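Structure assessment
In case you want the letters, here they are:
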Amino acid sequence: MYNAIVSVCPEQGLTEIRLRLGLPVAVRVGLNRKVLPFIATKKMIDGVVARATGFSLYSRQDEIKQGFIHYSGGIRIGVAGKGIAEGGSLVGFSEIDSLNIRLPHEIKGCSDRLSNIINNFENTLIVSPPFAGKTTLIRDMARALAKNYDVVIVDERGEIGGGEGSIYDLGSFVDIVGNVPKTLVTEGIIRSMSPEIIVLDELSPEKDMKIVEEISRSGIKLLASVHSDSIERLTKALPHIARHFCYGVLLSNKPSIGSIKSIVRFRGD
Amino acid sequence: MIRLAVGATLMAVAAYIGIGIDKFYKMRVDYLKDFADFLGYASREAGFLKTDILRIISLYCASRSSNLTKYLQQTKQQLESGNAPTIDCVFLAKKDKKLYESFFEGLKSADYRTQEKLFLHSIAETSELIKEAEKNKKNKGELIRKLMALGGVALMVIVL
């Protein structure tokens, strides 16, 4: 399938492949959408799911319950279809009808623009809407920070470190805890890994606030990202987030992915 | 002299065929026991570590050397290339192959609950097949080997 896609659109800049059952395959090259001249079939979707789950659906069930499957190299596959709910929570999908395959990119040096923050690091929150390059930036910042600090990345979705078959070079001073919810591992990391900086991608304000508070209280510095398109809106809606961070960096996908729209200092200490 | 040589040859050939048939039944038991061992290993890996089947096969083949490992490697390649898992082993009966193939096919869509059931079912079925294969080995394999040896002696007597 991938070969068929790259035969009709350039591989470079390909960031997303969307398969919707019975509809044309759509891709995103940079920010531009493109509809390809072939239809996503059940066989195609099942084939991608089988491959991504290592031909063992059970091995990725916890991820599927959260709506994604992580694949080697940091590829994340969003899933949608007919869900099965039990006891008030999603237990899986009886049919997977749509896939959103996100292809990660590594841009070494993209955090150089934030060298002032990196060199005198204080808790920093990367604020970004989808498709603005927050994971790419946070990965490069982690690499840069690891030159001077012991960094632990809590890589819940395997996107920062890339998981098995990773293509990313994060240096020699980074520890990665992958594929488990942040809430389950952070306490153990604080106690046993002695990190100077913890990196968390895609904070969920409701679920992850407790661990943010715990890290903040323990004197370990924190680099995290969260979905939003405005720091003002974020701090108004979730004021308890801002008080744990010194800096907020707002990313935008305009004029291009990874553009820094603004840097805000939350507090003066 | 020629009769003696012909008789001895016929006796040896008959005994050899008997041994070959006996080996066939023995090998089926060995393969099924290897598969049961693999299922036990895979069940622990999948149950505790949620390891996917490709990795389970790699780990199993790296840590053990059995008759089955060659076929497991083939199955892994078939899965990776998007083909249906099949086993082309002359020592296995049709229903043995069906169990093997349906186990790997079933895992593709088995969630955490159903994989447990799939493992339990496959382990139980394999256990039944081992009993049957051992019974066949004793009742058919050994009997045929002895009969063929006796037949060979009888042929030699007739020729002489």
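Right above here is the structure, for reference.
This is a predicted model, so every value here is computed, not measured.

1. Focus on the sheet that holds strand E11 (residues 221-227) of chain A
Residues and elements named next belong to chain A. Here 7 strands make up an open sheet; going across it, the order is E9-E8-E10-E11-E7-E12-E13 and the pairing mixed. Two strands in the sheet have a free side with no partner beyond their single neighbour: strand E9 (174-178) and strand E13 (259-265). Neighbour-to-neighbour, the strand axes of this sheet turn through a mean angle of 15 degrees, independent of strand direction. Each of strand E7 (124-128), strand E8 (151-155), E9, strand E10 (197-200), E11 and strand E12 (247-252) touches helix H5 (residues 134-145); the most contacted strand, E11, lies at about 170 degrees to it.

2. Thoughts on the interface of chain A and chain B
One frequent convention defines the size of an interface as the accessible area lost when the parts assemble. Contacts between chain A and chain B engage 13 residues on the former and 20 residues on the latter. On the chain A side of the contact with chain B, Phe55(A), Leu57(A) and Tyr58(A) bury the most area, a combined 52% of that side's loss. In this structure, the connection of chain A to chain B is made through 2 salt bridges. Between Asp62(A) and Lys50(B) there is a salt bridge; the shortest N-O distance is 2.6 Å. Applying the counting rule to chain A against chain B returns 9 residue pairs in polar contact (both at pLDDT 80 or more). Counted by class, the side of chain A that touches chain B contains 3 nonpolar, 5 polar and 5 charged residues.

3. Re the pattern of salt bridges
Residue and element names in this part refer to chain B. Tallied over the full model, the rule gives 30 salt bridges over all chains. The salt bridge partner of aspartate 22 is lysine 26, with a shortest N-O separation of 3.6 Å. On the criterion of helical spacing, the pair formed by aspartate 22 and lysine 26 is a turn pair, its members being 4 residues apart in helix H1 (residues 2-49). The salt bridge partner of glutamate 128 is lysine 131, with a shortest N-O separation of 3.6 Å. Of this pair, glutamate 128 and lysine 131 both sit in helix H5 (residues 112-159), 3 residues apart, roughly one helical turn. A relative accessible area of 52% means that lysine 131 is categorised as exposed.

Conventions we followed
The residue numbering used here restarts from 1 in each chain and proceeds along that chain's sequence as written. Lettering of chains starts at A and numbering of ligands starts at 1, both following the order in which they are written. Local features in a predicted model are, by the rule used here, given only for residues with pLDDT of at least 70; side-chain atom pairs are given and counted only at 80 or more, and totals for whole chains, interfaces and linings are based on all residues. Side-chain numbers here rest on the full set of heavy atoms in the structure, without hydrogens or water. Note: two strands are recorded as paired if DSSP finds a minimum of 2 bridges between them. Only runs of H or I of at least four residues qualify as helices and only runs of E of at least two qualify as strands under DSSP, and these elements are numbered from the N terminus. Geometry is summarised by axes, namely lines fitted to C-alpha atoms with helices restricted to the contacting stretch, and by angles between N-to-C directions that run from 0 to 180 degrees. Contact definition: two residues touch when any of their heavy atoms are within 4.5 Å. When two parts are put together, the accessible area they lose, computed with a 1.4 Å probe and summed over both, is reported as buried area. Here, a salt bridge means any side-chain nitrogen of Lys or Arg that lies within 4 Å of a carboxyl oxygen of Asp or Glu. Throughout this description, a polar contact denotes any pair of N or O atoms lying within 3.5 Å of each other; where both atoms belong to protein, one of them has to be capable of donating a hydrogen while the other can accept it, and for residues adjacent in sequence the pair is counted only when both atoms sit in side chains. The classification used treats Ala, Val, Leu, Ile, Met, Phe, Trp, Tyr, Cys and Pro as nonpolar, Asp, Glu, Lys and Arg as charged, and all other residues, Gly among them, as polar. For the exposure calls, accessible area comes from a 1.4 Å probe over protein chains only, and a residue counts as buried if that area is under 20% of its type's maximum, exposed if over 50%, partly exposed in between.

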